[in-house]
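Structural overview for review
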Number of protein chains: 2
Amino acid sequence: MNTLAMRRLACFGLALVLAQGGCKTKSGHEPVHMDGKKTSCRPEAEPLSPSGEGMWPWTALEQMDERGLFARGLKLRLAEIWTPGEGGLARAAVGLRGCSASFVSEDGLLITNHHCAHRAIQRNSTPERNLLEQGFLARSRAEELDGHGLKVLVFQKHSDVTDRVLEGMAGDLSDLERIRHIEKREKEIVKECEAKPDTRCEVSRENDGLRYVLLEKLELRDVRLVAAPPESLGSYGGEVDNWRWPRHSMDFTLLRAYVDREGKPAEYGPDNVPYHPAEHFQVCADGISQDDLVMLLGTPYHTARYSTAFEVRQALEWYYPMRVSLFSEWIRILEATCQEIPESCIPTASRVRGLNNGLTNAEGMIAGLERANLVSRKDGEHKEWVDWVHADPKRSERWGKTHDELVRYLDERTKGRDRDFLTRYLLRGSQVLGFARTITKWASERRKPDEEREPGFQERDRENLLSDLKQAQRSLHITADKRTLVLFLTRLDTLPADERLQAIDEALRDPVTLETDFSPASVQRYVKTLYAGTTLGDEASREALFNSSFAELEASEDTMIQLALALKPALDAWNDRKKEREGGLARLRPPYLESLIEMRGARFYPDANASPRIAFATVTGYSPRDGVWHTPFTTLTGLADKATGEEPFDPPREVLDAIKARNFGTYADEKRDDVPVCFLSNSDTTGGNSGSPVLDGHGRLVGLNFDRVYENIAGDFGYNPELSRNVMVDVRVVLWYLEVILGAGHLLQEMHVSAAPPSGASH
Amino acid sequence: MNTLAMRRLACFGLALVLAQGGCKTKSGHEPVHMDGKKTSCRPEAEPLSPSGEGMWPWTALEQMDERGLFARGLKLRLAEIWTPGEGGLARAAVGLRGCSASFVSEDGLLITNHHCAHRAIQRNSTPERNLLEQGFLARSRAEELDGHGLKVLVFQKHSDVTDRVLEGMAGDLSDLERIRHIEKREKEIVKECEAKPDTRCEVSRENDGLRYVLLEKLELRDVRLVAAPPESLGSYGGEVDNWRWPRHSMDFTLLRAYVDREGKPAEYGPDNVPYHPAEHFQVCADGISQDDLVMLLGTPYHTARYSTAFEVRQALEWYYPMRVSLFSEWIRILEATCQEIPESCIPTASRVRGLNNGLTNAEGMIAGLERANLVSRKDGEHKEWVDWVHADPKRSERWGKTHDELVRYLDERTKGRDRDFLTRYLLRGSQVLGFARTITKWASERRKPDEEREPGFQERDRENLLSDLKQAQRSLHITADKRTLVLFLTRLDTLPADERLQAIDEALRDPVTLETDFSPASVQRYVKTLYAGTTLGDEASREALFNSSFAELEASEDTMIQLALALKPALDAWNDRKKEREGGLARLRPPYLESLIEMRGARFYPDANASPRIAFATVTGYSPRDGVWHTPFTTLTGLADKATGEEPFDPPREVLDAIKARNFGTYADEKRDDVPVCFLSNSDTTGGNSGSPVLDGHGRLVGLNFDRVYENIAGDFGYNPELSRNVMVDVRVVLWYLEVILGAGHLLQEMHVSAAPPSGASH
């Protein structure tokens, strides 16, 4: 029976006689539960739901406890979701540049979060027609707008290439040589893989090299904007509600993937036609209920579940506080610039949004790690591990030194961390300097044979690099960029003598006294000169320079190119340090992790690493604090109750009117007599899961993941059954908005959701 | 079988075979439910609990649905609670000056709220030994402290005296004559009643004269302080948490009533002995659980459930905004004074607390009335009433004009309301002016035969008046008093020409220009002179003047006495207006209410009027807003989680240590593995219910009422099954504090609660 037929059976309720079993089935072992104490304030009638822990690679589905999942409400076979070599429903879930998305029609209609398409919406906006303010609907396919760089990655295949990557690696390599060996192998594997037409490949490293997985993806490059609510709904509640519950954001956008007339991926073009995906999710207008099983598919970016206490302490005491300090100041500068120069607001909006998000994340991380007292819990776990290792001479011999070696290595490498932190953000802070670095590095790498170049700077990357350089124009504002560079220069001056960026010190050296001068006047003067002498603020100029040879760039009088070249030794050294660290961790982390896996004796899921994963979870609330329970659904009435008329609580008049008139179409939940807006589950998610399709037990789309709750930010370091909750848009409010507010019957029809009778007659 | 024996049986679970029945039993009709819409965010497993509506006079118990209450968990007969002419368990619930309290031992041990005993604790405090900061425990009866004016009223008997009050009232009386007639009858009835020794009597008017009830009480005047937590626990969370959930205040204090050696009520004296109450509540160390029935006994002060839309509008648009404005400024002045003059902090603490409480109440009232849209709901109800009245000629003839006449009357009397509002608070604002008014009015009234005097100024009131004048010393701070008077004088200057207080205008008339001068300098100068020329700031002086004749006062040179005399015409006129209004409402409200009772055709409970009541309710949470459920219990761990070390979240170290050590004695709730601190029910309560004993179905004490939630402040105008929730201290935290923190085993023994083995060994 093919998967589609099986799915049909499941849809008609005939497929499976499900084993009745306990709900407490655990999938996999438990790395670190951040808070094991009993919660006193769960409503008395609410049991703790089955854990949603685990971001499972699709290949892990084969080994999962299918009967346990049936008992929890799964209505399809795990093999229908994904069978290696065959595919499956999961293929409807796709990657979208740091986000997740999914196909919801045969004609390539995609759904993702509003905030994932934010840049595309912004790039289609002008002061006269601001789609962020007004929202957007294409009434026909002809009206669908260029996504300006939006790309969709359709996963095709995973293969374990660990042996091939590590094969022939000498034991006495330095860490830099080690990582170069690994990168070389990865590049070879990718090159071979990409010989297939229209295929993008990537070797995904799990836990610093415990396993290497080749991911094969189809890249669709013409992705268009189909429908989006205004930002006042898409991110209703703004930074006030971000990372919070109760939530009422309609964080969704509809896109469509196009291909050329031969069905091949192509750049945006008038002759392109809608893409027909192999799989798409059926949209389920009935939604989902409390205690129901949900599945999340997506590409979670990064977790650190197996960190040592040393790393958690460093995160808590150094890394997140550094982010809080830098991001707060950076936001202040961009906001002040927007106040002063209104034209800067649109280009800098995405950046401010991202920084605010990062700031709240960092603050929540600090609060969460402290609340869970994770450092001392990790210390406690380490003691257990030591006892376990030393209880057996074989273990002792094999793993006895792994932890201490890893920690000693990490400790040695804390030296210069402030410099590396600032260097990393410097190239993001001044976009123009970032352009100069990309262009000079691209020219520099091009002097080498393709296979020897730095990953990210091979011929296969040419198009992406150029596209990024061009698209960046829409988020560039020169004054904002200058002011951000001033911030970084000032911070660089706080570095100790042996960590200075020499090129910056030289640039700020007084020609008379020969002393470096980081006074505000001197920094301002320097930045003014720097921007006056560069053409990199201009899109065409960047495109032209992108094709220059390294020698041509060396001869260039462009001040920013010259600064990038002067910084080259420092940036290359920084790059080498990063690489070296990767090599060191590839040497030291895997053996330590092997011991953990052995000790815990249960199935293991690797840390999130932007590869496709699946999570199984339950729709359920949680207690943020004593005496309070966050219930798992919010409603349109709750959205209207929050409205103040002031940003970020200023929904459009017609939405408030429809709610007041209880014009709910057919989308009201019967129990609530209201349309659900957002809901909670205990699914294991992290950044990158934005836009993830949320499926019911039948594999039908019932929502879109878009956030976690504040109490779960520190969950990256350890899943907590009491507090790990993610926030999703309910598909019913999406359909309600499309039908009742936009009148987009054609899209409902395309998704095979029958539109209700005209408003007023319904319900 | 006598009631005690019956109760014993109930305690052993033998008493009653309870009818199994639906839980939806409603007691009485529903006057105004403020919000009938479905709540969307109650946890899905939580049904709406049986309504807790109704503050029932004890005499109503005879007619209540006993079987329905058995089905909800009542384990005793209603007749055991109260049987007219016989008494009952309810007699253990007593009145305590604006609060409620109850006996919990044979030896007169009483329990009430910390905030109800606040003044007594304050009056026993000195800067060197501040009992508000340190808390207090009498290790023996000899150490129990004088309550300084605390009085307990033990209810003995209720009798309906409506016929006697209204008998012989001519139909053509003016409103002032009408109220004088009523007052005369009330005074006669009270006098006759008080002929019994040690009896205090009161005629309680229900709903402006729908019914008059004679309440007979025994007054115990020697009430001592036995044990109290520090204010940092008693009002943990302070104004931040006041009127809020989740709550973690240990708002309790233990007192003891004393009598003379003959068992008669007496003033505080060394030879007095503990009082032996006829009834006391058994303390139930097992506490209570969610969904359990609870009963509240107490003296709720005032509700306005049967108000017209006109009155609700006036409350929303005028009265509460006036309070917000006045109280905010008044608090600011007292707080600034406390900052500047630390000695003023202790005397003004109770006042600041009261004002803050009133301010939050007023703000919550405005928010709640707006949220419930109560004005337009009242308008809608009125339309229904009009239809009902006009559907029947008899009704139309009898009641057709009642509503409009009432509203017309109320409307006419809005003229001058600002003046009357300020006059009322003026006498509370300047305590010294208040003393002068009491003394001059007392002298003035004493010129009349006792039975003709104003209620409150008869011989029976002498002792209370004098005691108030003396005790006030401890809450008096002259600078704070002066500054408050400045506030009032400044506000009085905003009154229009025809509403001015002439005596104040005269006092502030410039002797040269003959213009009134309310400039800051002039007001300051006047207030300085006023306080320089009075001895009323001195306790002995007040006592001496209290015995002066009116002529002696007229001849006095005391500036404040002279001001009170100059204000006498205005204050007497204000008094007459109040009386006249009472007369008008006694004429107009009862017939309108009779029609409402008839129309709604169900049992009726009168508005709260400080007479003893009982409420039947369920322990249950509520949803303050979409996506959030307030669960009905908080815990010690939650208390510790809130601690910041800064007021008002600065609990004593030993309390935090005991919680950290999980030294919970035997008081941890099994399900939570923690000691419950506060809990919620849907009981119908209002101001005056502070300190109310909360009983389980067996009539055992399980908690003390002390607050309502913010969403329920406007409940005074209409019970709301979704939002009407009251906040109680759990008796388990009281016992935990007494045993684990104070080591007060003698008190546990007295309450027949067995103390647990020494800490550490327990659990």
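In short, a report on the structure. (Residues numbered from 1 in each chain as written. Chains lettered and ligands numbered in written order. Predicted model: local features only at pLDDT ≥ 70, side-chain atom pairs only at ≥ 80, totals over all residues. Heavy atoms only, no water.)

1. A short note on the packing of aromatic side chains
Stated formally: Centres within 6.5 Å are what make two rings of Phe, Tyr or Trp a pair, Trp counting through its six-membered ring; a difference in plane orientation under 30 degrees is then read as stacked, over 60 as edge-to-face, and the rest as tilted. We count a stretch as a helix when DSSP gives it H or I for four or more residues in a row; a strand needs E for two or more, and each element gets its number in order from the N terminus. A simple rule labels every residue: compare its accessible area, found with a 1.4 Å probe on the protein chains alone, to the largest value its type can have, and call it buried under 20%, exposed over 50%, or partly exposed in between. Here, a charge over a ring means that NZ of Lys or CZ of Arg falls within 6 Å of the ring centre while also lying within 35 degrees of the ring normal.
With the rule as written, the count across this model stands at 40 aromatic pairs over all chains. Pairing W58 of chain B with W82 of chain B gives two aromatic rings, centres 4.7 Å apart and planes at 55 degrees, and the pair type is tilted. Of the two residues, W58 of chain B is situated in the loop between strand 1 (56-57) and helix 2 (66-72) and W82 of chain B in the loop between helix 3 (78-81) and strand 2 (93-96); the sequence distance between them amounts to 24 residues. Residue W58 of chain B shares its accessibility class with W82 of chain B, and that shared class is buried. Ring geometry for Y319 of chain B versus Y320 of chain B: centroids 4.9 Å apart, planes at 70 degrees, classification edge-to-face. The two residues Y319 of chain B and Y320 of chain B agree in class, both being buried. Aromatic rings pair up to connect W318, Y319, Y320, F327, W330, F421, Y425 and F488 of chain A into one cluster. Looking at R587 of chain A, its charged tip hangs above the ring of Y409 of chain A, at a distance of 5.7 Å from the centre.

2. Here we look at helix 26 (residues 731-741) of chain A
The periodicity of an α-helix, 3.6 residues per turn, causes residues three or four places apart in sequence to face the same way. The element helix 26 of chain A is extensively covered by neighbouring structure, given that 11 of its 11 residues are classed as buried. Count one or two residues on from helix 26 of chain A and you reach G743 of chain A, which has phi positive near 65 degrees.

3. Observations regarding unusual backbone geometry
Looking along the chain, the bond that leaves W245 of chain A and enters P246 of chain A is cis, with omega of 0 degrees. Note on placement: P246 of chain A falls in the loop between helix 9 (238-241) and strand 11 (253-259). In this structure, P648 of chain B follows E647 of chain B across a cis peptide bond, with omega equal to 0 degrees. The phi torsion at H148 of chain A lies on the positive side, around 45 degrees, for a residue other than glycine. By the secondary structure assignment, H148 of chain A is in the loop between strand 6 (145-146) and strand 7 (152-160). Positioned with a positive phi, D208 of chain B is a non-glycine residue whose angle comes to about 60 degrees. Position of D208 of chain B among the secondary structure elements: in the loop between strand 8 (199-206) and strand 9 (211-220). The class for D208 of chain B is partly exposed, based on a relative accessible area of 29%.

4. Focus: the sheet that holds strand 17 (residues 633-635) of chain B
Residue and element names in this part refer to chain B. Note the threshold: A strand pair is defined by DSSP finding two or more bridges across the two strands. Note on contacts: a residue pair is in contact if any heavy atoms of the two residues lie within 4.5 Å. Axis geometry follows a simple rule: fit a line to the C-alpha atoms, using only the stretch in contact for helices, then measure angles between N-to-C directions, giving values from 0 to 180 degrees.
The strand order across the open sheet built from eight strands is 1-14-13-19-20-21-18-17, with neighbouring strands paired in antiparallel fashion. Sheet topology places strand 1 and strand 17 at the edges, where each strand pairs with a single neighbour. Each of strand 17, strand 18 (676-681), strand 20 (701-708) and strand 21 (726-730) touches helix 26 (residues 731-741); the most contacted strand, strand 21, lies at about 35 degrees to it.

5. Some points on the state of the cysteines
Residue and element names in this part refer to chain A. The condition is simple: Cysteine sulfurs are considered disulfide-paired once they come within 2.5 Å of each other.
All told, the structure shown has six disulfides over all chains when counted by the stated rule. One disulfide in the model links C99 with C116; its S-S distance is 2.1 Å. Disulfide C99-C116: the torsion about the S-S bond is -80 degrees, which places it as left-handed. Of this pair, C99 sits in strand 3 (residues 99-103) while C116 sits in the loop between strand 4 (109-112) and helix 4 (118-123); the two residues are 17 residues apart in sequence, bridging distant segments of the chain. In this structure C99 comes out as buried when scored by relative accessible area, which is 9%. Classification of C116 by relative accessible area gives buried; the value is 12%. Between C193 and C201 runs a disulfide, and the two sulfur atoms are separated by 1.9 Å.

6. Examining the side chain of T308 of chain A
All names here are of chain A. Along the chain, T308 falls in the loop between strand 13 (293-298) and helix 10 (309-340). Judged by its relative accessible area of 1%, T308 is buried. Discounting chain neighbours no more than four positions away, the residues touching T308 are K378, H403, L406, V407, L410 and Y592.

7. With respect to the pairing of strand 9 of chain B
Residues and elements named next belong to chain B. Among the 10 residues that make up strand 9, nine are buried, leaving the element largely enclosed by the rest of the structure. Note: strand 7 (residues 152-160) against strand 9, eight bridges, orientation antiparallel. Following the sheet pairing, H158 is matched in strand 9 by L215. Inspection of the sheet shows strand 8 paired to strand 9 by eight bridges, in the antiparallel sense. Looking at the pairing, C201 lines up with E216 of strand 9. In this structure, the hairpin formed by strand 8 and strand 9 is closed by a connection of four residues, where N207 is found at a positive phi of approximately 45 degrees.

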